[in-house]
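# Observations on the three-dimensional arrangement
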There are 2 protein chains.
Amino acid sequence: MLKKERHDFIMRQINLHNRVLTSDLVQLLNVSEDTIRRDLQELVDEGLLYKVHGGALSKSYHSSFDDSTVYARDSKIAIAKKATNLIKDGMVILTGGGTTILELVKQLPQGLTATFFTISPLVAVELAKYNNIEVILIGGLFSKNSQVTYGGHVITQLAEIKADLCLMGTSALHPEEGLTDTYWEINQLKKAMLACSKRTAVLCISEKLDIALRLKVCPIESISYLITELDVNDDLLANYRTKELNIL
Amino acid sequence: MLKKERHDFIMRQINLHNRVLTSDLVQLLNVSEDTIRRDLQELVDEGLLYKVHGGALSKSYHSSFDDSTVYARDSKIAIAKKATNLIKDGMVILTGGGTTILELVKQLPQGLTATFFTISPLVAVELAKYNNIEVILIGGLFSKNSQVTYGGHVITQLAEIKADLCLMGTSALHPEEGLTDTYWEINQLKKAMLACSKRTAVLCISEKLDIALRLKVCPIESISYLITELDVNDDLLANYRTKELNIL
DNA sequence: CGTTTTTTTGCTTGTTTGTGCAAGTTTGTC
DNA sequence: GACAAACTTGCACAAACAAGCAAAAAAACG
């Protein structure tokens, strides 16, 4: 087996499981530990993964699991600022959950008149601070991980909504694979949210770009706006600029 | 499991529950106490949590724990403590909103296995911190005043629920007039909550006793438990002791 | 084809890291 | 103030690691 093939194999494992063990790779690839270690080091040098004692972890692993001290808060605030420009008086807006969306909601202009549907209790509470915003919280099972409501009941209710704009955070975005996710329930949820909104804005910090996870939500064409903390002309966005996608 | 993963796991637990017990982590992660202690110490060195005898606490929890603005907080904590005794494993419980209920939810025993329906987003978020509690948030219009969902849609959904116990705070209780309220919508809501629960516990600080408001929710006979911060033999409760009402 | 150069791999050595055990100390509780 | 649980410290052992070296494989060249 060629080195390049090994690297690809390792990266597939990483994207699938968020981690690999050196010992596992030794068995699976039938090479010495040293070779694996060298492979991992090279992949680290390319910035593709994160090495720890005993193996390696996916780079996106952190962002999805560690909201300890609101990871990358500055970036998220910058994104939120940009996103507020999409919101106009009279709109019907549907939002997901997550720290980025929450940041956005905190930055809405006072006096904005709009209707918000949301699956996030925290977002609902924050929205309630605005006098002229009508808030509808979509009920259902409550996810301990994502802190949003989910499940069949939520999806049924989403089907009854017609929103002008859907705002969602994301755990991964890839120019070819589009929007992807790790959990089946969240995947279904996002599909339903997309389906009931005229346009969709994806709020995505740059380190989640160019990553594809297990489950596909939608192709990139289904997204209307991509909002990152980067400058519109940043090189990292080159692959997205070709698509008919409004980049903010 | 890799060390880094353990650390992430611990931080997730901390963010979820605001605290972790060393003994729990030993079981959950299947490593020795020593390892857990070392992990905790390392996380302390990174400034991510506080270590205490028996486990560790979230850092943000303490700094943000000045809910001292909550009116009559001590009384509410006392009430909450009593109310937890009503809750047993396996129960299906319906809760309203309000600071007293929120306080109660914070005091539930770790490891409680139960199903909670709630109309309060904040209660839902708090409940989500317990591993063995299933949380269903009832969705609908979100009230800026009461911080709960309300309206026809909520009432329709309540009609589908069969709860063992309903926990609600109250703005007034009167020996003759029973449970009363000021707002039409909340009135309707409470009626619906009562209707779908076998028993109802009313959490009521003493200064709201003997007050009757505009709209009648139910006679005092419809209530199973009255929980105040007072001693069961307090004179203020005399008028209620005559009724067939369990006073705690 | 053979020979030289480069790359890749596995082995050896010595080092670091992670974990559990044992002994003694502190802390919380009744 | 006694007892158990939780904690600290030091130590030992195994697993994982880094660096240098030599054999093997692949590539380059005439």
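A quick note: this is a predicted structure, and the numbers were derived from the prediction, not measured. (Residues numbered from 1 in each chain as written. Chains lettered and ligands numbered in written order. Predicted model: local features only at pLDDT ≥ 70, side-chain atom pairs only at ≥ 80, totals over all residues. Heavy atoms only, no water.)

## Digging into the overall build of chain A
Helix and strand counts for chain A come out as 10 helices and 15 strands. Here the C-alpha radius of gyration of chain A, 20 Å, is about what a compact globule of 248 residues would show, namely 18 Å. Principal-axis analysis of the C-alpha atoms places the extent of chain A at approximately 65 × 40 × 30 Å. Counting the 248 residues in chain A, one finds 54% classified as buried. Summarising the internal contacts of chain A: among those between residues at least 6 apart in sequence, 59% fall at separations of at least 24. Carbon and sulfur atoms make up 49% of the accessible area of chain A, which totals about 11400 Å². (Helix = DSSP H or I, 4+ residues; strand = E, 2+ residues; numbered from the N terminus. Rg over C-alpha atoms; globule rule 2.2 N^0.38 Å. Buried < 20%, exposed > 50% of the residue type's maximum accessible area, 1.4 Å probe, protein only. Contact = heavy atoms within 4.5 Å. Areas by Shrake-Rupley, 256 points an atom, 1.4 Å probe, with all protein chains shown as cover.)

## What to know about the sheet that holds strand β13 (residues 215-218) of chain A
Residues and elements named next belong to chain A. Pairing in this open sheet of three strands is antiparallel, and the strands run β10-β11-β13 from one edge to the other. Lying at the two open borders of the sheet, with one neighbouring strand each, are β10 (173-174) and β13. In this sheet, β13 lies alongside strand β11 (residues 178-181) in antiparallel orientation, the contact comprising three bridges. By the bridge assignment for β13, aspartate 181 is matched with leucine 215. Its contacts with the sheet place helix α9 (residues 184-195) against β11 and β13, and it is angled at close to 10 degrees to β13. (Pairing = 2+ DSSP bridges. Axes fitted to C-alpha atoms, helices over the stretch in contact; angles between N-to-C directions.)

## A word on the domain arrangement of chain A
Interface size is often expressed as the accessible area that is lost when the parts come together. Segmenting chain A into domains produces domain 1 (3-58) and domain 2 (73-247). Between the C-alpha centres of domain 1 of chain A and domain 2 of chain A there is a distance of 33 Å. (Domains from an automatic or database assignment.)

## Points about the interface of chain A and chain B
Facing 38 residues of chain A, the contacting portion of chain B comprises 32 residues. Surface buried jointly by chain A and chain B totals about 2800 Å² across both partners, of which 63% is contributed by carbon and sulfur atoms. At the surface where chain A touches chain B, the tally comes to one salt bridge. Taken together, chain A and chain B are joined by eight residue pairs in polar contact (both at pLDDT 80 or more). Secondary structure elements with two or more residues in the side of chain A that touches chain B: β1 (19-21), β3 (55-58), α4 (60-65), α7 (121-127), β6 (133-137), β7 (140-142) and α8 (152-158) of chain A. In the side of chain A that touches chain B, the residues fall into 20 nonpolar, 13 polar and five charged. Where β6(A) and strand β7 (residues 140-142) of chain B come together, two bridges link them in antiparallel fashion. Each residue of the ladder has a partner; that of A:Leu137, found in β7(B), is B:Gly140. (Buried area = accessible area lost by both parts, 1.4 Å probe. Salt bridge = Lys/Arg side-chain N within 4 Å of Asp/Glu carboxyl O. Polar contact = N/O pair within 3.5 Å; in protein donor to acceptor, adjacent residues only side chain to side chain. Nonpolar A, V, L, I, M, F, W, Y, C, P; charged D, E, K, R; others polar.)

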